[in-house]
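# Fold and contact review
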Amino acid sequence: MTVDAMPLVIGALCVMAIFYRYYHGFIAAKVAVLDDTRKTPAYTMYDGQNYYPTNKWVLFGHHFAAITGAGPLIGPVLAAQFGVLPGYLWILIGVVLAGAVHDFIIFFASVRHGGKSLAEIARTQISPLSGFIASIAILFILVVALAGLGLAVVNALAESPWGVFTIGCTIPIALFMGLYMYRFRKGRIAEGTLIGVIFLMLAVIFGKDVANSSIAPYFTLPKAKITLFILLYGFVASILPVWMLLCPRDYLSAFMKIGTIAFLAIGIIVVNPELKMPLVTDYIHGGGPIIPGTLFPFAFITIACGAISGFHSLVASGTSPKMVSKESDIKTIGFVAMLIEGFIGILALIAATALHPGDYFAINVPPGVFEKLGISVVNLEQLSAEVGENLVGRTGGAVSLAVGMAQVFSSIPGMRHLMDYWYHFAIMFEALFILTTIDTGTRVARFMIQEFGGKLYKPFERVDNLPSAVISSALVSAAWGYFVFTGTISTIWPMFGTANQLLAGIALCVGTTFIISLGRVKYAWVTLVPMAFVMATTLSAGWMNITHNFLPLTKKEGFALQGYINTLLTALIMVCAVIILLDSFRCWYRMIFVEKRGIEVIKGEVASD
Amino acid sequence: MHPIKKASVIIVRESDATGGCICCAGGMGEFSRKDPSYDSIRKVAEECGKLHRNIREVFGEDRVEIIQIEPRAYMYLMPKILKEVLRFKPSLSLVIRTLFFLYPVPTVIVNGKPIGMGRVPSIEEVVEELKSTHSL
């Protein structure tokens, strides 16, 4: 049985609207008890620079741009192996009951803690140990996340001269934009961005000519070489001044993000594609060729960001709480931004499941494995010819998403003959996100390592110390590069999902502690239930990953080291989560039974008070 | 009697905590405060912060609406500026300039008119502009 996209899109929007109106309204009114008479950090710590009251919609745009990345696009595509329904239902239920609640409560907690970060709130609310463990967990999770996203780009660009040329061009374009906006015509951000966008479009258009020219072999690179290039890019970009690459890329990505996502939504509504993937596949029982393992827990960790993402807790406790002008704004910003992210996840799922299952699996599974599945391709040859690429065995999710998106775009009247351009545009769009994430992530992880290193050798923590910057950047790049070199999407993505979801579990732990500390223990279930579910799924997934995937890998010739490292890292992240969980239990017990927190005494609200 | 509409000051400047598509990287956050390559952006942010404080000191919170915004927030900026130019009717050349972002950042748009383009104007300049266009 197949379905059309439209009922799913409309259904999702209706569910989100109802939950926002009633359930999220309930949380805002009864659990958080948002109070507009209480001054936010934008007033209490006002400095006009970092802390200043900001219009709700400006802050909404800022917050939404910060939480949206490549995660909600790739995860649902990979989870499509379980069928349309599991992914759809988890995104929908997850986003309204867990993801949006998670983002809101951390945002709210941060506002009540003077705009402090997640680790600092953990330190204040639970204990210094939990704060320290949260920082360590964030570092490990970052490394795994960069590996997962890096691998998606590598697989999309391997043996693709058009793709390599286009994505390769984004680097000199960003460098040029940086020089233009910060050196040649200082402050001309709009001009620089416009030029950048035009060059980017030209890179997509002329990529076809390059792929068909005599210089194509220079851009036809195997996976190993692309991995090396991306590794070098991450290393160099994280050391370069931010104005050279990071800032200009940000401007490019901001334009691309809103434009492409809006266009995809309109495309799906206009085209209303039939979803060819069955509602549920046999892989729910395990044995899936993309993500090994059963529906529970693996579907829930594969779709990470679209349903709930731990990284959002870092954004929700970052710049946004410092700028919110009144507490009631947190409701719109915290909940709605995440609901839209979930909606983007649903669009990505629709784009991927609009492909015939045979074509979908042929793209997402290595050819040797696909042969054993006993499924036949339907349109793959035609699709390959239309996009001008060999689509067989392009694992990682990015390619099937790009094909799905290109299929939707080119089904719009008058666009049919542009399939190859749309495909490469979609690849460029995804890679633009991912390279920016690699740049930012490597830089942030580098700072964290410098901070930890500074505890052993003081000068190491100075971020302007070049040897320290080079050593720590090399360490971070080598760490995530190792996973890209040695891993497959089947090993890395579940690790990424587990790590991301565990971070969400940790944040929900902190959120629950905060609700109890407010004296509203009877409402703690709003975060406790999603926390229990997220912790249960991710800890079981982590355990199953170790016992079913990584430990058997240690017995395979040539893979022993990889198996041990994957086991160790997964175990470390799990241990971090368990320590915070146990520490939280201790804290909850103390607050409920020893301190008798039935009263509205608020711990750690010094800043707001 | 209609309530007097607030005067408007839009401070367009880059964020010193930028790090765009950061869903899976967590963002620069507090680390941007340490990164020396943010120095020039941070310096401008500090000046804008000072201007923000000075305007509030002079006019209070009720008479002037101050918005501090990143240039990439064009989806908000465009209609907002359109509304301002319709309300305050500055000259055509200024309208074109502000509507199509033909100004260097940082800039301060006072009642639809960009002043101090590419630099943070002094509080005196802002006060003068506010007084001349809004009779404050």
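Criteria and thresholds
Residues numbered from 1 in each chain as written. Chains lettered and ligands numbered in written order. Predicted model: local features only at pLDDT ≥ 70, side-chain atom pairs only at ≥ 80, totals over all residues. Helix = DSSP H or I, 4+ residues; strand = E, 2+ residues; numbered from the N terminus. Rg over C-alpha atoms; globule rule 2.2 N^0.38 Å. Contact = placed C-beta atoms within 7 Å. Buried ≥ 20, exposed ≤ 12 C-beta atoms within 10 Å, placed from the backbone. Pairing = 2+ DSSP bridges. Nonpolar A, V, L, I, M, F, W, Y, C, P; charged D, E, K, R; others polar. Axes fitted to C-alpha atoms, helices over the stretch in contact; angles between N-to-C directions. Parallel < 35°, antiparallel > 145°, perpendicular 65-115°, else oblique. Left-handed = near helix turned anticlockwise from the far one by under 90°. pLDDT = per-residue confidence, 0-100.

Our focus in this paragraph is the overall build of chain A. Within chain A, the regular secondary structure consists of 25 helices and 2 strands. Here the C-alpha radius of gyration of chain A, 23 Å, is about what a compact globule of 609 residues would show, namely 25 Å. For chain A, the spread of C-alpha atoms along the three principal axes comes to 70 × 60 × 55 Å. Residue pairs at least 24 apart in sequence account for 83% of intrachain contacts in chain A once pairs closer than 6 positions are excluded.

Check the secondary structure of chain B and you find 4 helices and 4 strands. The linear arrangement of helices and strands in chain B, starting from the amino end, is β-α-β-α-α-β-β-α. Counting all 136 residues of chain B, 49% fall into the buried class.

Take the pairing of strand S3 (residues 107-110) of chain B next. Residues and elements named next belong to chain B. Neither face of S3 is open: one carries Thr107 and Ile109, the other Val108 and Val110, and all of them are buried. With 4 bridges joining them, strand S1 (residues 7-12) and S3 adopt antiparallel strand pairing. Counted as the bridge partner of Ile11 is Val108 from S3. As defined by bridge partners, S3 adjoins strand S4 (residues 113-115) across 3 bridges and the pair is classed as antiparallel. Within S4, the residue paired with Val108 across the bridge is Ile115. Here S3 hands over to S4 after 2 residues, with Asn111 in that stretch at a positive phi of 45°.

Now for the pairing of S1(B). Residue and element names in this part refer to chain B. Along S1, 6 of the 6 residues are buried, which leaves the element largely enclosed by surrounding structure. Here S1 shows no split at all, with Ala7, Val9 and Ile11 on one side and Ser8, Ile10 and Val12 on the other all buried. Pairing of S1 with strand S2 (residues 64-69) involves 6 bridges; the strand directions are parallel. Residue Ser8 lies in a different strand from S2, and its bridge partner there is Glu65.

Turning our attention to the interface of chain A and chain B. Listed per partner, the contact involves 55 residues of chain A and 40 residues of chain B. At the level of secondary structure, the elements contributing two or more residues to the side of chain A that touches chain B comprise helix H3 (56-67), helix H7 (128-157), helix H9 (189-211), helix H12 (246-271), helix H14 (311-316) and helix H21 (419-456) of chain A. Element by element, the count of residues in the side of chain A that touches chain B is highest for H12(A), at 9 residues. Broken down by class, the residue content of the side of chain A that touches chain B amounts to 29 nonpolar, 19 polar and 7 charged.

Take helix H6 (residues 118-125) of chain A next. Every α-helix winds through 3.6 residues per turn, so residues three or four apart in the chain are directed the same way. Residues and elements named next belong to chain A. In terms of burial, H6 is a largely internal element, 7 of the 8 residues being buried. Where H6 is concerned, the buried positions are Leu118, Ala119, Ile121, Ala122, Arg123, Thr124 and Gln125. On its buried side, H6 packs onto helix H5 (84-112), H7, H14 and helix H23 (489-517).

Right, let's talk about the environment of A:Ile121 for a bit. Residue and element names in this part refer to chain A. Within the secondary structure, Ile121 is located in helix H6. Among the residues examined, Ile121 registers 26 C-beta atoms within 10 Å and is labelled buried. For the pair Ile121 and Ile106, spaced 15 residues apart in sequence, the C-alpha separation works out to 9.1 Å. Not counting the four nearest positions on each side in its chain, Ile121 is found in contact with Ala109, Ser110, His113, Lys116, Ser317 and Val510.

Once that is clear, we can look at the packing of H21(A) against helix H22 (residues 466-486) of chain A. Residues and elements named next belong to chain A. It is at 8 Å that the axes of H21 and H22 come closest, and there the two elements cross at 120°. In terms of orientation, H21 lies oblique with respect to H22. Judged by the sense of rotation from one axis to the other, the crossing of H21 with H22 is right-handed. On the side of H21, the interface is formed by Thr442, Ala445, Arg446, Ile449, Gln450 and Gly453, while H22 contributes Ser468, Ala469, Ser472, Ser473, Leu475, Val476 and Ser477.

Another aspect to go through is the confidence of the model for chain A. Summing up the model confidence of chain A, the mean pLDDT is 91 and the portion of residues at 70 or higher is 98%. Taken together, the stretch residues 599-609 of chain A has pLDDT below 50 and engages in 22 contacts with residues farther than four places along the chain or on a different chain.

Turning next to helix H13 (residues 295-302) of chain A. All names here are of chain A. Where burial is concerned, most of H13 is hidden: 7 out of the 8 residues are buried. Of all the residues in H13, the buried ones are Leu295, Pro297, Phe298, Ala299, Phe300, Ile301 and Thr302. For H13, the secondary structure elements touched by its buried residues are helix H4 (71-79), H5, H23 and helix H24 (525-554).

All names here are of chain B. The sheet built from 4 strands is open, its strands ordered S2-S1-S3-S4 with mixed pairing. Sheet topology places S2 and S4 at the edges, where each strand pairs with a single neighbour. For this sheet, the mean angle separating the axes of adjacent strands, direction not counted, is 20°.

Each neighbour pair has its own omega, and for A:Phe296 with A:Pro297 the value is 10°, a cis peptide bond. You can see A:Pro297 is positioned in helix H13. Here the amide bond leading from B:Val105 into B:Pro106 is cis, since omega sits at 5°, within 30 degrees of zero. Inspection of the secondary structure assignment puts B:Pro106 in the loop between helix H3 (92-99) and S3.

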